[in-house]
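What follows is each chain in one-letter form.
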Amino acid sequence: MKVAEAVGRALHAAGIEQVFGVVGSGNFHLTNALVASGARFVAARHEGGAATMADAYARVSGTVAAVSVHQGPGLTNAMTGIAEAAKSRTPLVVLAAEVTRPTSNFYVDQDALGAAVGAVPLRITSAGTAVEQACTAVRRALHERRTVLLNLPLEVQASDAPDGALAQAAPPPPRPAVEPDASEVAALTRLLEQSRRPVFVAGRGSRSPAARDALEALAERCGALPATSAVARGLFHDNPWSLDVSGGFASPLAAELIGGADLIVGWGCTLNMWTMRHGALIGAGTAVVQVDDDASALGAHRELTLGVTGDVERTARHVLAAFGGTRQGLRTPGTAEALAARLRWRDLPYEDTSTRDRIDPRTLSIALDDILPADRVVGVDSGNFMGHPSMFLSVPDQDGFCFTQAYQSIGLGLATAIGAALARPDRLPVAALGDGGALMGAADLDTVRRLGLPMVVVVYNDDAYGAEVHHFGPDGHRLDTVEFPPTDIAAVARGYGFEAVTVRTRADLKAVEDWVAGPRSAPLLVDAKVVRDRGAWWLEEAFRGH
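Summarised in this report is the structure supplied together with it. (Residues numbered from 1 in each chain as written. Predicted model: local features only at pLDDT ≥ 70, side-chain atom pairs only at ≥ 80, totals over all residues. Heavy atoms only, no water.)

Concerning the overall build of the protein
Inference 1: From N to C terminus, the protein includes 21 helices and 17 strands.
Inference 2: On C-alpha atoms alone, the protein measures out to a radius of gyration of 24 Å, which is about the 24 Å that the 2.2 N^0.38 rule sets for 546 residues.
Inference 3: Projected onto its principal axes, the C-alpha positions of the protein cover 70 × 65 × 45 Å.
Inference 4: At a minimum sequence separation of 6, the contacts of the protein that also span at least 24 residues come to 77%.
Inference 5: Within the structure as shown, the protein displays about 20,800 Å² of accessible surface, and the carbon and sulfur contribution to it stands at 52%. (Helix = DSSP H or I, 4+ residues; strand = E, 2+ residues; numbered from the N terminus. Rg over C-alpha atoms; globule rule 2.2 N^0.38 Å. Contact = heavy atoms within 4.5 Å. Areas by Shrake-Rupley, 256 points an atom, 1.4 Å probe, with all protein chains shown as cover.)

Take a look at the structure:
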């Protein structure tokens, strides 16, 4: 057995069930060995899309996924998706073939590439250690919540694996939960007992039913209002006291209540510039607490009143057991009435600026929210449009929203929705894209059709890079570099085998209703020609973070 086959079999034995990639000569035998062992392989049309599909799949499924790429250009093509995964601390293994001769056209310092974007570079160094090193890559991805770049030199892949090499291949043990220190639990309990207006903000580290249940129980006891970061949106979907998303996407009422808190607790949430609006959501004198099982994350983005190193669920359970009595906090009849009436963006009055030729993105998003089944998983690309599908399309829980935005790259949205769709095949996948990102990732429309995914792809098409138009346009700058002639994206989608509809008015969405009611035998693309009269409400805040 060659090392390439042994490593492929070992990776599957270690728990890799889902692989994405683009296969070339350098990763051909490795990928085939994974498939022969029982892993599912999805061929993307570009390595960048493959990496993002794997990232999204890992996020939504809660498992370690893999992406397989050719040496050199296969890896460089995948780097934007790898950067997003690494910045998001997604447990992902990148399987990259590698040439070691500097004279080869394919040579590049692959370790340096991985390290530059925050991935952990590892390497298969010999036939005798190959299986152990492959299993180490999976273990580190899982236990450290890191994106691991596993380089596989061609000459090592082609060597003979020793007899019995696979005997040591096995899944790593579950990631151990970090027990909080009793003194830190006591300190957090005191702060909650003293607080009259507490708010909880749950992030990526809270995205599990067990953590949600613990946080909701504690919030009820101490009178806290729960909110989430964007990546954890949907966690408190059924909670009547939920503020939905904190940060740039927060509704005016949510921002008002968070800004008026006397204690903000971030649970598995970094409380970064996006979630706290560059600190604007933290009132004068507000105590700020961060709970995270990674001590290095505490205080990374802002000064804390208290940092607690511990697993979210365990910490919340310990505080709940120690908390004395019950507090009303912000859970008053007036707050309940306000949340019911004006928390959601769709419930706020607005001037509909739709014309005969273009539809207001708010009107579009509200209509789609009503038309599309509630049991959905939504992937959103980056761009001026992104707040509208992110906040106007409801999601059923934390697995209903996949937000690959740590790197703020456009072009990842379609691949995000594909990965999320495969992780939740029981739900309708919805990809929300701008026209720029849609055309960047258009090759993977083929992947959607080939996989038979009943996906709805919504393109908010303003024929421009809208963020730049609205950021630079008011100052009189020329915009010809960021504006484009109209493109019939619906026609492009039909070429890939989609059903497609061009939407200019609310009436045009009848075709979407018909698709939802029909057999859904082909995916649907909605080329929505949206008005471009104004920038999104969160836009200037986003530019402040560049």
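Some points on the nonpolar core
Inference 1: If you look at the biggest cluster of nonpolar residues, it comprises 53 residues, and the most contacted ones within it are Ile82, Leu414, Met455, Val457 and Leu525.
Inference 2: Look past the residues within four positions of Ile82 in its chain and what remains in contact with it is Ala51, Leu75, Val94, Val117, Ala119 and Thr147.
Inference 3: Formed by 44 residues, the second largest nonpolar core is a distinct cluster that contains Ala432, Val503, Val512 and Trp538. (Core = buried A, V, L, I, M, F, W, Y, C linked by side-chain atoms within 4.5 Å. Buried < 20%, exposed > 50% of the residue type's maximum accessible area, 1.4 Å probe, protein only.)

A few points about the sheet that holds strand 14 (residues 428-434)
Inference 1: One open sheet holds the 6 strands; their spatial order is 13-12-14-15-17-16, and the pairing between them is parallel. The open sheet is flanked by strand 13 (401-402) and strand 16 (499-503), the only strands paired with a single partner.
Inference 2: Pairing of strand 14 with strand 15 (residues 456-461), which is carried by 5 bridges, proceeds in the parallel orientation. Within strand 15, the residue paired with Ala431 across the bridge is Val457.
Inference 3: In this fold helix 15 (residues 413-423) packs onto strand 12 (376-380), strand 13, strand 14 and strand 15, with an angle of close to 170° to the strand it touches most, strand 14. (Pairing = 2+ DSSP bridges. Axes fitted to C-alpha atoms, helices over the stretch in contact; angles between N-to-C directions.)

Structural notes on the side chain of Asn461
Inference 1: Looking at the secondary structure, you find Asn461 in strand 15.
Inference 2: With a relative accessible area of 1%, Asn461 lands in the buried category.
Inference 3: When sequence neighbours within four positions are dropped, the list of residues in contact with Asn461 reads Arg358, Asp435, Thr487, Ile489, Asp527, Ala528, Lys529 and Val530.

With respect to helix 3 (residues 47-61)
Inference 1: Taking 1.5 Å of rise per residue, 15 residues should cover 21 Å, and helix 3 covers 21 Å from first to last C-alpha, within 8% of that figure.
Inference 2: Of all 15 residues making up helix 3, 14 are buried, and the element is well covered by its neighbours. (Expected span 1.5 Å × (residues − 1).)

Observations concerning the packing of aromatic side chains
Inference 1: Overall, the coordinates contain 6 aromatic pairs when judged by the stated rule.
Inference 2: Aromatic side chains Phe249 and Phe403 sit 5.9 Å apart centroid to centroid with 80° between the ring planes, which places their arrangement in the edge-to-face category. Residue Phe249 is found in the loop between strand 8 (225-228) and helix 10 (252-259), and its partner Phe403 is found in the loop between strand 13 and helix 15; the two are separated by 154 residues along the sequence. Each member of the pair, Phe249 as well as Phe403, is classed as buried.
Inference 3: Ring centres of Phe385 and Tyr460 lie 5.4 Å apart, and the angle between their planes is 25°; on these two criteria the pair is classed as stacked. With Phe385 in the loop between strand 12 and helix 14 (387-392) and Tyr460 in strand 15, this residue pair connects regions lying 75 residues apart in the sequence. (Phe/Tyr/Trp six-rings, centres within 6.5 Å; stacked < 30°, edge-to-face > 60°.)

Topic: the pattern of salt bridges
Inference 1: For the structure on display, the rule yields 30 salt bridges.
Inference 2: Between Arg346 and Asp370 there is a salt bridge, with the nearest N and O atoms lying 3.0 Å from each other. With Arg346 in the loop between helix 12 (333-342) and helix 13 (361-371) and Asp370 in helix 13, this pair connects stretches of sequence that are 24 residues apart.
Inference 3: Of the residues examined, Arg346 reaches a relative accessible area of 23% and is grouped as partly exposed.
Inference 4: The network of salt bridges with shared partners includes Arg207, Asp399, Arg424 and Asp426. (Salt bridge = Lys/Arg side-chain N within 4 Å of Asp/Glu carboxyl O.)

Things to note about unusual backbone geometry
Inference 1: One non-glycine residue, Asp244, adopts positive backbone phi at about 65°.
Inference 2: Residue Asp244 is classed as partly exposed on the basis of its relative accessible area, which comes to 22%.
Inference 3: A positive phi angle, close to 55°, is found at Gln408, a residue other than glycine.
Inference 4: On the secondary structure map, Gln408 appears in the loop between strand 13 and helix 15.

Examining the sheet that holds strand 2 (residues 40-43)
Inference 1: As summarised here, the arrangement of the 6 strands in space is 2-1-3-4-6-5, forming an open sheet in which the pairing is parallel. One side of each edge strand has no neighbouring strand; the edge strands of this open sheet are strand 2 and strand 5 (120-123). The mean angle between the axes of side-by-side strands here comes to 25°, regardless of whether they run parallel or antiparallel.
Inference 2: Relative to strand 4 (residues 92-98), strand 3 (residues 65-69) is paired through 5 bridges, and the arrangement is parallel. Bridge pairing in strand 4 places Ser68 opposite Leu95.

Structural notes on empty space enclosed by the protein
Inference 1: Per the stated rule, a full pass over the model turns up 1 cavity of 30 Å³ or more.
Inference 2: Estimates place the volume of the largest cavity at around 40 Å³.
Inference 3: In terms of lining residues, the largest cavity is bounded by Leu414, Leu433, Ala438, Leu439, Ala442, Leu445, Ile489, Val492 and Leu525.
Inference 4: Among the elements of the structure, helix 16 (435-440) and helix 19 (489-495) are those that each provide at least two residues to the lining of the largest cavity.
Inference 5: A breakdown of the residues in the lining of the largest cavity according to their chemical character gives 9 nonpolar, no polar and no charged. (1 Å grid on protein atoms, 1.4 Å probe; cavity = no way out; pocket = protein on both sides within 12 Å on 5 of 7 lines; lining within 4 Å. Points joined across faces, edges and corners; volume = space filled by probe spheres on them. Nonpolar A, V, L, I, M, F, W, Y, C, P; charged D, E, K, R; others polar.)

Considerations on the packing of helix 1 (residues 3-13) against helix 2 (residues 28-37)
Inference 1: At a minimum axis distance of 7 Å, the contact between helix 1 and helix 2 shows a crossing angle of 40°. Between helix 1 and helix 2, the angle falls in the class oblique. The two elements helix 1 and helix 2 cross, and the hand of that crossing is right-handed. Counting all contacts with helix 1, which are made through Ala4, Glu5, Val7, Gly8, Arg9, Leu11 and His12, the residues of helix 2 involved are His29, Leu30, Ala33, Leu34 and Ser37.
Inference 2: Along the lines of polarity and charge, the residues of the contact of helix 1 with helix 2 split into 6 nonpolar, 4 polar and 2 charged. (Parallel < 35°, antiparallel > 145°, perpendicular 65-115°, else oblique. Left-handed = near helix turned anticlockwise from the far one by under 90°.)

Topic: the pairing of strand 4
Inference 1: By the criterion of burial, strand 4 is predominantly enclosed, with 7 of the 7 residues buried.
Inference 2: Because side chains alternate across strand 4, one face comprises the buried residues Leu92, Val94, Ala96 and Glu98, and the other comprises Val93, Leu95 and Ala97, equally buried.
Inference 3: Where the polypeptide runs from strand 3 across helix 4 (residues 73-87) and back to strand 4, its parallel neighbour, the crossover connection is right-handed. (Right-handed = clockwise from strand over helix to strand, strands pointing away.)

Structural notes on the state of the cysteines
Inference 1: The tally for this structure, following the rule as stated, stands at 0 disulfides.
Inference 2: For the unlinked cysteine Cys269, the closest cysteine sulfur is that of Cys222, found at 16 Å. (Disulfide = S-S within 2.5 Å.)

Digging into the environment of Gly114
Inference 1: As for its position among the elements, Gly114 is in helix 5 (residues 110-116).
Inference 2: On a C-alpha basis, the gap between Gly114 and Leu150 in space is 9.5 Å, while along the polypeptide they are 36 residues apart.

Observations concerning the layout of surface pockets
Inference 1: Estimates place the volume of the second largest pocket at around 500 Å³.
Inference 2: In this structure, the second largest pocket is lined by 28 residues; those nearest its centre are Arg233, His237, Asp244, Leu343 and Arg344.
Inference 3: At the level of elements, helix 12 and helix 14 are the ones that each hand at least two residues to the lining of the second largest pocket.
Inference 4: Among the residues making up the lining of the second largest pocket, the classes are represented as 16 nonpolar, 7 polar and 5 charged.

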